[in-house]
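Understanding the architecture of this molecule
Residues per chain, in single letters:
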Amino acid sequence: AFDGTAHRAAVPHTRKRCSLGVAMTVRFVWRHIARSRLKTSLTIALAAGFTIGLGAIRLSIADNGEKIDRLYENTPVEAELLQADTGVTFPGGGFLRGSTVDALLESGYVTDAYLEGAASGAAVRYTEDMEKSGGISAGGDDVSDCTIRAFADEGTFLSAAGSGEGAAITYLDGWDASLFAQDWYGSFPVVLPKALYDQLEAGELGKIGLSCRGFRVCEAAGYYEGSVDGADAYPVLAPLSAYRQLSDSRAPTYCKAHVTLDPALNRELERFTEIVNDAAASQGTLLTALRAVIWDGELRQAVEPLERALSLMELLYPVVLVLSLLTAAGMAVLFVMMSAKDAAILRIQGTSRLRTTVIFVLQQGITVLAGLAVGLAGSLLWTGVRPELAGASLVRAALYLAAAVVGTVLSAASVTGKNPLEMLQVKE
């Protein structure tokens, strides 16, 4: 007959046996970890070492990537349009069509530009009659063929980036370098080469007549001595706004287009070259082919070593990660195989295969977790709190622990599957 009382009494007894079994398992695992100091220390050291090493590689990748981004975003790159065939010459030196320059400025790549307009013309000694007639009314020594150079920034013109590095300007009273940056309508000031200044008596008369795509009476603002690069003759220097005013009826031509590119687009310099080629093609057959010279040497010298280091780190990182996982699994297999005699004793004492496997998993898992905790703490102290790295660190730790557990389970299943008496014959 069924004895319900006896059955109810057996339930707490079974629970007590289970709790005792768990406690004994935990004590056995802890004693085994404490007794196997070499294996425990080695497991912790490997887990911590790989965690810190992978964290260092990941930190290097992140830091190099940020440095490269900062360099691209903050390093100015300059470019200039030049003639593809320098043997071709043009009147006044203007080989760049105004529409080409406009297309370049509207490309979205240019944040600043230095332009020099260039055209041919004639300078005339001033007379009161020319203002009435609106044209040249003199000849002989009173008229001199000349070229015109127009710009808006005197400092750049007199520097290596401009054409007037070899020139020195002397201004008359009341005039200074700001005249080139102003917007002029109607009459405007000019700076003459010293020889022409003396020939036309510009200092005494205070004015000259200038024929260039029309005729204007201009104020003599000063003279310069020295040479101007790329000019067939010593040119008359004029404000860029006045030159564009003279060219209203005809497209202006330029001899220099020196631009500063938007740092945000520094990664797309090849695309800028394509834009220049497209703009050059629009010049037609009347003007020369163009080429873009991009001065990105400073950027390249700074970025290329970092990019090489970044590529190396990105190649090294997955290799070290796979190596760490294989090491975790391999060490787990090795330690279980070395503990085959302990597994045999447990099995002879009546411990099930499952509990024996759980004991080995706990032994390996606890020591691995301790090593991962040490490694994560070390990485945190080194790198600081960086959310973008913390997530990857946790994923690496989980993968390392999983590899150790898998290696332990597979090797334990192999060891405990044998006859216990045969297992006792294993030599440690």
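Let us look at the structure shown here.

What counts, and at which threshold
- Residues numbered from 1 in each chain as written.
- Predicted model: local features only at pLDDT ≥ 70, side-chain atom pairs only at ≥ 80, totals over all residues.
- Heavy atoms only, no water.
- Helix = DSSP H or I, 4+ residues; strand = E, 2+ residues; numbered from the N terminus.
- Buried < 20%, exposed > 50% of the residue type's maximum accessible area, 1.4 Å probe, protein only.
- 1 Å grid on protein atoms, 1.4 Å probe; cavity = no way out; pocket = protein on both sides within 12 Å on 5 of 7 lines; lining within 4 Å.
- Points joined across faces, edges and corners; volume = space filled by probe spheres on them.
- Pairing = 2+ DSSP bridges.
- Salt bridge = Lys/Arg side-chain N within 4 Å of Asp/Glu carboxyl O.
- Contact = heavy atoms within 4.5 Å.
- Disulfide = S-S within 2.5 Å.
- Core = buried A, V, L, I, M, F, W, Y, C linked by side-chain atoms within 4.5 Å.
- Polar contact = N/O pair within 3.5 Å; in protein donor to acceptor, adjacent residues only side chain to side chain.
- Phe/Tyr/Trp six-rings, centres within 6.5 Å; stacked < 30°, edge-to-face > 60°.
- Lys NZ or Arg CZ within 6 Å of the ring centre and 35° of its normal.

The next point concerns the overall build of the protein chain. On a plain count of helices and strands, the protein chain comes out with 14 helices and 11 strands. When burial is assessed residue by residue, the protein chain has 43% of its 428 residues classed as buried.

Bringing empty space enclosed by the protein into the picture now. Rolled over the atoms, a probe sized like a water molecule indicates the empty space that remains. As enumerated under the stated definition, the model contains 3 cavities of 30 Å³ or more in all. Taken as a whole, the second largest cavity holds about 50 Å³ of empty space. Lining the second largest cavity, in full, are Phe50, Thr51, Leu54, Leu321, Ser324, Leu325, Leu372, Arg396 and Tyr400. Among the elements of the structure, helix 2 (37-74), helix 10 (297-338) and helix 13 (387-416) are those that each provide at least two residues to the lining of the second largest cavity.

Here we take up the pairing of strand 1 (residues 77-83). It is a general feature of regular strands that their side chains alternate between the two faces of the sheet. Within strand 1, 5 of the 7 residues are buried, leaving the element largely enclosed by the surrounding structure. Summarising the sheet, strand 1 and strand 10 (residues 253-261) pair through 4 bridges and their orientation is antiparallel. Looking at strand 10, one finds that alanine 79 is bridged to valine 259. As judged from the 6 bridges shared by strand 1 and strand 11 (residues 290-295), these two strands associate in the antiparallel manner.

Before going further, it helps to examine the pattern of salt bridges. All told, the structure shown has 7 salt bridges when counted by the stated rule. Between aspartate 69 and arginine 267 there is a salt bridge, and its shortest N-O distance comes to 2.4 Å. Of this pair, aspartate 69 sits in helix 2 while arginine 267 sits in the loop between strand 10 and helix 9 (269-281), and the two are 198 residues apart along the sequence. Of the charged contacts, one joins arginine 149 and glutamate 116 as a salt bridge, the two residues approaching to 3.4 Å between their closest N and O atoms. In this pair, arginine 149 sits in strand 4 (residues 143-151) while glutamate 116 sits in strand 3 (residues 110-125), placing the two residues 33 residues apart along the sequence. On the basis of relative accessible area, arginine 149 is assigned to the buried category, the value being 2%.

The next subject is the side chain of threonine 43. When you line up the elements, threonine 43 lands in helix 2. Judged by its relative accessible area of 6%, threonine 43 falls in the buried class. Residues in contact with threonine 43, not counting those within four places in the same chain, are Phe335, Gln364, Thr367 and Val368.

In the structure shown here, the tally under the stated rule is 0 disulfides. Cysteine cysteine 146 is unpaired, with the sulfur of cysteine 212 as its nearest cysteine sulfur at 7.7 Å. We note that cysteine 218 lacks a disulfide partner, and the nearest cysteine sulfur, in cysteine 212, lies 9.5 Å from it. Since its relative accessible area comes to 0%, cysteine 218 is described here as buried.

Okay, the nonpolar core next. Among the nonpolar cores identified, the biggest contains 80 residues, and Phe188, Val190, Leu261 and Phe272 are the most heavily contacted of them. Looking at which element gives the most residues to this core, the answer is helix 10, with 9 residues. Not counting residues up to four positions away in its chain, the partners in contact with phenylalanine 272 are Ala79, Leu104, Tyr109, Val110, Val259, Leu261 and Ile294.

Mapped onto the fold, arginine 125 is located in strand 3. Under the relative-accessibility criterion, arginine 125 is labelled buried at 18%. A polar atom in the side chain of arginine 125 sits 2.6 Å from the backbone oxygen of glutamine 199.

As a further point, take the pairing of strand 3. Among the 16 residues in strand 3, 12 count as buried, and that is most of the element. Pairing analysis gives 7 bridges linking strand 3 to strand 10, with the strands arranged antiparallel. Directly across from valine 110, in strand 10, lies its bridge partner leucine 261. Relative to strand 4, strand 3 runs antiparallel, the two being bridged by 8 bridges.

For the rest of this paragraph, the subject is the packing of aromatic side chains. The final tally for this structure, using the stated rule, is 7 aromatic pairs. On the basis of an interplanar angle of 45° and a centroid distance of 5.8 Å, the ring pair of tyrosine 109 and phenylalanine 272 is categorised as tilted. Residue tyrosine 109 is located in the loop between helix 3 (98-105) and strand 3, and its partner phenylalanine 272 is located in helix 9; the two are separated by 163 residues in the primary sequence. With a relative accessible area of 7%, tyrosine 109 lands in the buried category. One aromatic cluster is present, formed by Phe151, Phe157 and Phe180 through successive ring pairs. One residue, arginine 58, lies across the ring of tyrosine 317, its end atom 5.2 Å from the ring centre. The ring of tyrosine 223 carries the charged tip of lysine 194 above its face, separated from the ring centre by 5.2 Å.

Function cannot be inferred from these measures alone, as they are strictly geometric.
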